[in-house]
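Single-letter residue listing:
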Amino acid sequence: MKEELYLGKKVSELNIHEQRFKKMMQLMRVQKMLEKAEKIHKPMSKELSN
């Protein structure tokens, strides 16, 4: 019985870590997308302002 509880706790800890990891990956992706958008947008806005 104790072992089952221990395993359940370990599994839930792993799930929490996985969720955090997925969030981190999403944030990284969003940041990369924003950087790309800025690189594309900056030259355009310079051309428009001239």
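The preceding data block contains the structure.
As the structure is a prediction and not an experimental result, all values here were calculated from the model.

Student: Account for the overall build of the protein chain, with residues named and values stated.
Tutor: A tally of regular secondary structure across the protein chain gives one helix and zero strands. Once the C-alpha set of the protein chain is aligned to its principal axes, its extents read approximately 75 × 10 × 5 Å. A total of 50 residues make up the protein chain; the buried ones form 0% of that total. In the protein chain, 12 side chains carry a positive charge and 7 a negative one; their mean positions are 4 Å apart.

Student: Tell me what's going on with the pattern of salt bridges, and back it up with residues and numbers.
Tutor: Two side chains of opposite charge can pair, provided their charged atoms sit close to one another. Considering all chains together, one arrives at two salt bridges under this definition. Between Lys10 and Glu13 there is a salt bridge, with the nearest N and O atoms lying 3.8 Å from each other. With a gap of three residues between them, Lys10 and Glu13 both fall in helix H1 (residues 2–49), about one helical turn apart. Classification of Glu13 by relative accessible area gives partly exposed; the value is 32%. In this structure, the salt-bridge partner of Lys22 is Glu18, at a minimum N-O distance of 3.6 Å. Placement of both Lys22 and Glu18 in helix H1 is noted, with a separation of four residues, approximately one turn of the helix. Take Glu18: its relative accessible area is 42%, and that puts it in the partly exposed class.

Student: Requested: an account of the environment of Glu47, with residues and values cited.
Tutor: Looking at where Glu47 falls in the secondary structure, it is placed in helix H1. Take Glu47: its relative accessible area is 62%, and that puts it in the exposed class.

Conventions used here
- Residues numbered from 1 in each chain as written.
- Predicted model: local features only at pLDDT ≥ 70, side-chain atom pairs only at ≥ 80, totals over all residues.
- Heavy atoms only, no water.
- Helix = DSSP H or I, 4+ residues; strand = E, 2+ residues; numbered from the N terminus.
- Buried < 20%, exposed > 50% of the residue type's maximum accessible area, 1.4 Å probe, protein only.
- Lys, Arg positive; Asp, Glu negative; His and termini not counted.
- Charge placed at Lys NZ, Arg CZ, Asp CG, Glu CD.
- Salt bridge = Lys/Arg side-chain N within 4 Å of Asp/Glu carboxyl O.

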